[in-house]
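Residue-level structure breakdown
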Amino acid sequence: MKEKRVKILFSLFFLGIILLFARSFQLQILNWNKYTMEVQELSTRIVKDSPKRGNIYDRNGNLLAWNQRIYNLTNLGGTLSEETEAELYQVLKGVVDNPYTVIDKLNFQKRVNLEINSVTAQKIANIDKNLQVEERYIRKYAHESLYHVLGYVDNEGTPRSGLELVFDKKLQGQPGYKMINIATNESVSPTIANAHSINGNNIYLTLDLDLQIKAYNYLKENNYNGSVIISEPKTGEILVFVSYPSVDPNLFAQGMSNLEFQRILNDNNMPLLNRATSALYPPGSIIKPFVAYAALEGGISPQATINSTGRYDLKNSQGNIIASYYDWYTLGHGETDLVKSLRASVNSYYYWLGEKLGIDYLNSVADRFDITSKTGIEIPNEKAGIFPDPEWKYEKFDTIWYPGETLLTYIGQGYVTMTPLQILRIYNILATQGEYYQFSLFKKEEDAFGNIINQNVPLLRDSYEMNEEYLKYIYQGMVEVTSFSGPPGEEGTAYQSFSDFPITVAGKTGTAEVGGGKPAHSWFAGFLPANNPQYSIVVIIENGGMGSTGAAPIAREILDDLVEKYHIQ
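The present account deals with the structure reproduced in this document. (Residues numbered from 1 in each chain as written. Predicted model: local features only at pLDDT ≥ 70, side-chain atom pairs only at ≥ 80, totals over all residues. Heavy atoms only, no water.)

**Describing the overall build of the protein chain**
Heads up, the condition is: In this text, helices come from DSSP runs of H or I with a minimum length of four residues, and strands from runs of E with a minimum of two, each type numbered from the N-terminal end. Relative accessibility thresholds used throughout: buried, under 20% of the residue-type maximum; exposed, over 50%; partly exposed, between the two (1.4 Å probe, protein chains only). The criterion used for residue contact is that any of the two residues' heavy atoms lie within 4.5 Å.
Summing up its helical and strand segments, the protein chain has 20 helices and 23 strands in all. By the burial criterion, 49% of the 569 residues in the protein chain qualify as buried. Across the protein chain, every contact between residues at least 6 apart in sequence was considered, and the portion connecting residues at least 24 apart equals 72%.

Written out as structure tokens, the structure reads:
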């Protein structure tokens, strides 16, 4: 019996040895590849190597947007102890403007970004185990005026708007990866494989940062809401693209509280609105050079005159007055031809044109020149304007078109609305005698080694046949706007601003009524030199009053800077 029990035990032991050997054989021989991979997966980590986003420069190589190293401080615990707060204050004193602000954010928002060096960061990490310090990069921007051009990249590295979003594929680069063995001993390199990241390409824009800041500050110093744009008519390149007020894109890049964002969102001055491309305004008299050219094409003689008495009476077929419209100079401008109508901005002349030519004719010319179409600039959310006619009004308001609305349309009032950039497009077409080179802010793209990957080539988007003889009268009237001296009602409307300007400017002022008891919008647009246009400009000041006293002086200031910098002759 005892011997039998021993045999059974021996058999079980021997069977166990066989089973153990078989299992070992299965694991180490038959399934070696499978379990080796599992062990490697458990002992390795894949770490993403984020690329640095490319920089953005202006036309002269000045930085507009770049990456800056910061440290993100996170409070993983509750309210900081008094001892921790005291130590933090000592470390941050003399490093940041207000250490108490940092402490408050750590207590209430639990997170704050600081521009500090690595030594200070390490000191903070040693204060309290609940203070986590992480190195990262955020986007930095050269000036607040760039928000409406560049948009911003948020504090998570995601482009949200503007050219940062449009050119994201060029700027973002390609991420790399590291495979690291976390179970290796110190004598063996932990890196198993390494695919390096490729930094993003750099973008150069057509902007001139110096002129951009000056133009922005001219509006800011006068507390003028509005826009200033300067371009090259023969290339479409934009040198200045200002919408005021703006918000500092650095606020979005570093992150802000909901309260801070709501304050911006509810600001009555609407700093998030891009007034250059997304705000529609009545153009007023700024559109008169285009209307005057249309009139010449429509058979109106440039020598034809009307007598401006200060009031223009619209009569019905029985000769009865049904409405009266007025000149800005209430005493009247006297005998007025086409050139004088531009120089002195004589409304009565354009009321007369409206009666002569009608709304359908002017609308057909506006359609031919696409004056309210989107310009095609790279900035997102550009709006199309409105050039009305009876059909448009009926569809919009289910009512008929009245004769007086034709007269108002001929002076850029009524239902006509355009963006400042669309106005500038008209003036570029006039400056080039019929050519529209598409507006662009992109100049070139370079890789990290300075090799040019892509370069902007001026794009002739639209070409219109224009009569050179007719254009001579338009140019003469626009030149007299800035150069003709005379008594009130005769003098060029921008003469007081440009009388001593060293370059001849072909320009036009505009005073666009807005109703509601508010002051008119103030416009100035033009190009220079008048005989060989190299640059064009548009300025609008919301509720700025007359174009001659609001927009024209601002245009003069920024054109002084332009002429000085680029030595225009």
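Once you've had a look at it, read on.
**Let's talk about the packing of helix 12 (residues 288-297) against helix 18 (residues 468-483)**
The cut-off we apply is this: As a rule, the C-alpha atoms of each element are fitted with a line to give its axis, helices using only the stretch in contact, and angles between N-to-C directions run from 0 to 180 degrees. Angles are sorted into four bins: roughly parallel if under 35 degrees, roughly antiparallel if over 145, roughly perpendicular if 65 to 115, and oblique for all others. Crossings are assigned a handedness: left-handed for a near helix turned anticlockwise from the far helix by less than a right angle, right-handed for a clockwise turn.
Contact geometry for helix 12 and helix 18: axes closest at 10 Å, N-to-C directions at 150°. Between helix 12 and helix 18, the crossing angle belongs to the class labelled roughly antiparallel. As helix 12 packs across helix 18, the resulting crossing turns out to be right-handed. Two secondary-structure elements touch here, helix 12 through Pro289, Ala292, Tyr293, Leu296 and Glu297 and helix 18 through Tyr470, Leu471, Tyr473, Ile474 and Met478.

**Focus: the pattern of salt bridges**
Here is the rule: Just to be clear on terms, a salt bridge is a Lys or Arg side-chain nitrogen sitting within 4 Å of an Asp or Glu carboxyl oxygen.
This structure, assessed with the given rule, holds 26 salt bridges. Across the pair Lys220 and Glu144 runs a salt bridge, and its minimum N-O distance is 3.5 Å. Of the two residues, Lys220 sits in helix 9 (residues 209-221) while Glu144 sits in the loop between strand 5 (131-141) and helix 6 (147-150), which places them 76 residues apart along the sequence. One connected set of salt bridges, linked through shared partners, spans Arg53, Arg139, Glu164 and Asp168.

**Description of helix 17 (residues 420-431)**
This is how the line gets drawn: Expected span, for any helix, means 1.5 Å times one less than how many residues it has.
Spanning 12 residues, helix 17 covers 16 Å between terminal C-alpha atoms, matching the ideal 16 Å at 1.5 Å per step. Most of helix 17 sits out of view: 12 of its 12 residues are buried. Inspection of helix 17 places Pro420, Leu421, Gln422, Ile423, Leu424, Arg425, Ile426, Tyr427, Asn428, Ile429, Leu430 and Ala431 among the buried residues, and these make up the whole buried set. Two residues or fewer after helix 17 comes Gln433, characterised by a positive phi angle close to 60°.

**Observations concerning the pairing of strand 21 (residues 506-512)**
As a reminder, the rule being used: Whether two strands pair depends on DSSP finding at least two bridges between them.
The buried count for strand 21 comes to six of seven residues, which makes it a mostly enclosed element. Bridge count between strand 21 and strand 22 (residues 521-528): seven bridges; the pairing is antiparallel. Residue pairing in the sheet places Ala506 in a bridge with Phe527 of strand 22.

**Quick notes on unusual backbone geometry**
Residues Tyr244 and Pro245 are joined by a peptide bond in cis, for which omega reads 0°. Counting through the fold element by element, Pro245 comes out in the loop between strand 12 (238-244) and helix 10 (249-254). In this chain, Leu528 is followed by Pro529 through a cis amide linkage whose omega measures -15°. As for its placement among the helices and strands, Pro529 is situated in the loop between strand 22 and strand 23 (535-541). If you check the backbone angles, Asp370 has positive phi at about 55° while not being a glycine.

**Points about the pairing of strand 11 (residues 226-231)**
Extensive coverage of strand 11 is indicated by the burial of six of its six residues. Neither face of strand 11 is open: one carries Gly226, Val228 and Ile230, the other Ser227, Ile229 and Ser231, and all of them are buried. Direction of pairing for strand 11 relative to strand 12: antiparallel, over a ladder of six bridges. Across the sheet, Ile230 pairs through a bridge with Val240, a residue of strand 12.

**Section: the environment of Met478**
Position of Met478 relative to the elements: it lies in helix 18. Judged by relative accessible area, which is 0%, Met478 ranks as buried.

**Here's the deal with the packing of aromatic side chains**
This is how the line gets drawn: Each Phe, Tyr or Trp ring, with Trp reduced to its six-membered ring, pairs with another whose centre is within 6.5 Å; inter-plane angles below 30 degrees give stacked pairs, above 60 give edge-to-face pairs, and intermediate values give tilted ones. Put simply, a charge is over a ring when the Lys NZ or the Arg CZ is close to the ring centre, within 6 Å, and near the line of the ring normal, within 35 degrees.
Counted according to the given criterion, the structure contains 27 aromatic pairs. When the ring of Tyr147 is compared with that of Tyr152, the centres are 6.5 Å apart and the planes differ by 20°; the resulting orientation is stacked. Positioned over the ring face of Phe484 is Arg343, at 3.8 Å from the centre of the ring. A cation sits over an aromatic face here: Lys444 above Tyr204, 4.7 Å from the ring centre.

**Remarks on the sheet that holds strand 22**
Here we have five strands laid out as an open sheet, ordered 12-11-23-22-21, and antiparallel in their pairing. Pairing within the sheet leaves two strands with one partner each, and these edge strands are strand 12 and strand 21. When the angles between neighbouring strand axes are averaged without regard to direction, this sheet yields 5°. Here strand 11 pairs with strand 23 via six bridges, running antiparallel. Looking across to strand 23, one finds that Ile230 is bridged to Ile537. Relative to the sheet, helix 9 contacts strand 11, strand 12 and strand 23, its axis offset from that of strand 12 by approximately 30°. Most of the contacts of helix 20 (residues 551-566) go to strand 23, to which it runs at about 150°, and overall it touches strand 11, strand 12, strand 21, strand 22 and strand 23.

**A short note on the nonpolar core**
Within soluble globular proteins, side chains that are nonpolar generally end up buried alongside one another. Put simply, the rule is: Here, the term nonpolar core denotes a set of buried Ala, Val, Leu, Ile, Met, Phe, Trp, Tyr and Cys residues that are joined through side-chain atoms within 4.5 Å.
Core analysis: the biggest nonpolar cluster contains 90 residues, and Leu150 and Phe290 have the highest contact counts within it. Among residues more than four places away in sequence, those in contact with Leu150 are Ile56, Leu64, Ala65, Tyr141, Ser161, Gly162, Leu163, Glu164 and Leu205. Leu211, Leu219, Val240 and Leu562 belong to the second-largest nonpolar core, a separate cluster that totals 32 residues.

**Examining helix 18**
As a reminder of what qualifies: Polar contacts here mean pairs of N or O atoms no more than 3.5 Å apart (in protein, one a potential hydrogen donor and the other a potential acceptor; neighbouring residues in sequence count only if both atoms are side-chain atoms).
With 16 residues, helix 18 extends 22 Å from end C-alpha to end C-alpha; this agrees with the ideal 22 Å at 1.5 Å per step. All of the buried residues along helix 18 are Leu471, Ile474, Tyr475, Gly477, Met478, Glu480, Val481 and Thr482. Buried residues along helix 18 sit in contact with helix 12, helix 13 (338-343), helix 17, helix 19 (495-498), strand 21 and strand 22. Where helix 18 begins, the capping side chain belongs to Asn467, and its oxygen is found 2.8 Å from the backbone nitrogen of Glu469.

**Observations regarding the side chain of Ser308**
Residue position: Ser308 is located in strand 13 (residues 306-308). Within the local environment of Ser308, its side chain forms a polar contact with the side chain of Asp327, the two groups lying 2.7 Å apart.

**Details of the environment of Leu314**
Looking at where Leu314 falls in the secondary structure, it is placed in strand 14 (residues 311-315). Taking C-alpha positions, Leu314 is 5.9 Å from Ser324, a pair spaced 10 residues apart along the chain. If sequence neighbours within four positions are ignored, Leu314 has contacts with Asn320, Ile321, Ile322, Ala323, Tyr325, Glu355, Pro403, Gly404 and Leu407.

**Regarding the environment of Val563**
Tracing the chain through its elements places Val563 in helix 20. For Val563 and Pro502, which are 61 residues apart along the polypeptide, the C-alpha to C-alpha distance reads 8.7 Å. Setting aside anything within four residues of it in sequence, one finds Val563 in contact with Phe501, Pro502, Ile503, Leu528 and Ile568.

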